[in-house]
Amino acid sequence: AAGVIQSPRHLIKEKRETATLKCYPIPRHDTVYWYQQGPGQDPQFLISFYEKMQSDKGSIPDRFSAQQFSDYHSELNMSSLELGDSALYFCASSLAGGSYEQYFGPGTRLTVT
Amino acid sequence: EDQVTQSPEALRLQEGESSSLNCSYTVSGLRGLFWYRQDPGKGPEFLFTLYSAGEEKEKERLKATLTKKESFLHITAPKPEDSATYLCAVVNYGGSQGNLIFGKGTKLSVKP
């Protein structure tokens, strides 16, 4: 079965640079979530989109923005990167109006040097 | 404030030694409780969803149960390949589209 696809899988950036992470949800899933997981931490919710509209916002820094496109893929844009932004970034997708079950992608490991 | 607490933080078992992981939760209104398995450096893998007290779900050596205050993940006769971090998460009625609130996880090690 098709799963959530994330790219790139690994990304190395320097402080103050920008980064763009991409997420392709499971086909027919209309809701996308972004989570950040620091070393040894549990995933923290950043932001979600339903039918291309922002639906929920969590602990996302103002330096980050995201959007969902007409084909339902989503991009997380991160600017003025800081050392503390180094983490695993996961995208998850679900089908709205259903079970709230979220299926996660393999993640993007971002390292800021 | 909505909160999810998992115990123990780490659990070491011998192969075949059954045990249980605990997830206690405090939420304004529970839409669903979820169990995930996560291997190092990988995305959480969905295991179970539980919606109401008394509900049980099973998959191979795993069985999840739910009460009004907590959930248990029972592992029967575990194998080394069951070693992973098990995450519990809830969705409450506060979030409009169901963002997950995670516990810190239980790191399970099963020795042969």
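Provided above is the structure to which this section pertains.
Structural notes, computed from the coordinates. All values derive from a computational prediction rather than experimental measurement.

This paragraph deals with the overall build of chain A. Broken down by element type, chain A carries zero helices and eleven strands. Secondary structure elements of chain A, listed N to C terminal, follow the sequence β-β-β-β-β-β-β-β-β-β-β. Computed over its C-alpha atoms, the radius of gyration of chain A comes to 13 Å, within 12% of the 13 Å expected for a compact globule of 113 residues. Overall, the C-alpha framework of chain A stretches about 40 × 25 × 25 Å when taken along its three principal axes. When each of the 113 residues of chain A is scored for burial, the buried share is 46%. Intrachain contacts of chain A at a sequence separation of at least 6 include 53% that bridge at least 24 residues.

Counting 24 residues, the largest nonpolar core has Tyr25, Leu33, Trp35, Leu73 and Tyr86 of chain B as its most contacted members. At the level of elements, β2 (10–14), β3 (19–26), β4 (30–38), β5 (45–50), β7 (62–66), β8 (70–75), β9 (84–92) and β11 (106–111) of chain B are the ones that each hand at least two residues to this core. Looking at this core element by element, the count peaks at four residues for β9 of chain B. Core analysis: the second largest hydrophobic core is formed by 22 residues, Phe64, Met78, Leu81 and Val112 of chain A among them.

Below, the discussion takes up the sheet that holds β8 of chain B. Residue and element names in this part refer to chain B. Taking strand neighbours across the sheet as the criterion, the five strands line up as β1-β3-β8-β7-β6 in an open arrangement whose pairing is antiparallel. The sheet is open, and its two edges are formed by β1 (3–7) and β6 (56–59), each paired on a single side. Ignoring strand direction, the axes of neighbouring strands in this sheet form an average angle of 15°. With five bridges joining them, β1 and β3 adopt antiparallel strand pairing. Looking at the pairing, Gln3 lines up with Thr26 of β3.

Moving on to the sheet that holds strand β7 (residues 64–68) of chain A. Residues and elements named next belong to chain A. Reading across from one edge, β1-β3-β8-β7 is the order of the four strands in this open sheet, with antiparallel pairing throughout. If you trace the sheet from one side to the other, it starts and ends with β1 (5–7) and β7, each paired once. The average undirected angle you get between the axes of adjacent strands in this sheet is 15°. Bridge analysis of β1 against strand β3 (residues 19–24) gives three bridges, and the strand direction is antiparallel. The residue of β3 that forms the bridge with Ser7 is Lys22.

One number sums up the size of the largest pocket: a volume of about 680 Å³. What lines the largest pocket is a set of 29 residues, and nearest its centre among them are Gln37, Gly40 and Gln41 of chain A together with Gln38 and Thr85 of chain B. Residue contributions to the lining of the largest pocket peak at four residues, all from β11 of chain B. Residues that form the lining of the largest pocket fall into these classes: eight nonpolar, 14 polar and seven charged.

As a further point, take the interface of chain A and chain B. Taken together, the contact between chain A and chain B spans 23 residues of the former and 22 residues of the latter. Taking both partners together, chain A and chain B bury about 1,800 Å²; carbon and sulfur atoms supply 53% of that area. Broken down residue by residue, the surface that chain A buries against chain B is led by Asp42, Tyr100 and Phe104 of chain A, which jointly contribute 31%. The interface formed by chain A and chain B includes one salt bridge. The salt bridge involving Lys104 of chain B is made with Asp42 of chain A; its shortest N-O contact spans 3.1 Å. Between chain A and chain B we count six residue pairs in polar contact (both at pLDDT 80 or more) in total. Only β4 (31–37), β5 (44–50), β6 (53–57), β9 (87–94) and β10 (103–104) of chain A provide two or more residues apiece to the side of chain A that touches chain B. A total of four residues in the side of chain A that touches chain B trace back to one element, the largest contributor, which is β4 of chain A. Of the residues contributing to the side of chain A that touches chain B, the split by class is twelve nonpolar, seven polar and four charged.

Rules and cut-offs
Throughout this description, residue numbers start from 1 for each chain and increase along the sequence as written. The naming scheme follows written order: chains are lettered A onward, ligands numbered 1 onward. Only residues with pLDDT of 70 or above have their local features reported here, since the model is predicted, and side-chain atom pairs are shown and tallied only from 80 upward, although totals for entire chains, interfaces and linings are computed over all residues. Excluded from the side-chain calculations are hydrogens and water; all other atoms, namely the structure's heavy atoms, are used. Put simply, DSSP marks the helices as runs of H or I at least four residues long and the strands as runs of E at least two long, and each gets a number from the N terminus on. Every radius of gyration here is taken over C-alpha atoms, with the globule rule written as 2.2 Å times N^0.38, N being the number of residues. To sort residues, take the accessible area from a 1.4 Å probe on protein chains only and compare it with the maximum for the residue type: under 20% means buried, over 50% means exposed, and anything in between is partly exposed. Contact criterion: two residues are considered in contact whenever any of their non-hydrogen atoms come within 4.5 Å of each other. Here the nonpolar core consists of buried residues drawn from Ala, Val, Leu, Ile, Met, Phe, Trp, Tyr and Cys, with membership extended through side-chain atoms lying within 4.5 Å. Strands were regarded as paired on the criterion that DSSP finds at least two bridges between them. Inter-axis angles, ranging from 0 to 180 degrees, are taken between N-to-C directions of lines fitted to C-alpha atoms, where helices are fitted over the stretch in contact. We place a 1 Å grid over just the protein atoms. Points where a 1.4 Å probe fits but has no way out form a cavity, open points with protein on both sides within 12 Å along at least 5 of 7 lines form a pocket, and any residue with an atom within 4 Å of a point lines it. Grid points are joined across faces, edges and corners, and a volume is the space filled by probe spheres set on the points. Side-chain classes are defined by residue name, with Ala, Val, Leu, Ile, Met, Phe, Trp, Tyr, Cys and Pro counting as nonpolar, Asp, Glu, Lys and Arg as charged, and the others, Gly among them, as polar. Note on terms: buried area is the combined drop in 1.4 Å-probe accessible area of two parts once they are placed together, counting the loss on both. For salt bridges, the criterion is a side-chain nitrogen of Lys or Arg within 4 Å of an Asp or Glu carboxyl oxygen. Whenever two N or O atoms come within 3.5 Å, that pair is a polar contact, provided that in protein one can donate a hydrogen and the other can accept it, and provided that, for residues adjacent in sequence, both atoms are side-chain atoms.

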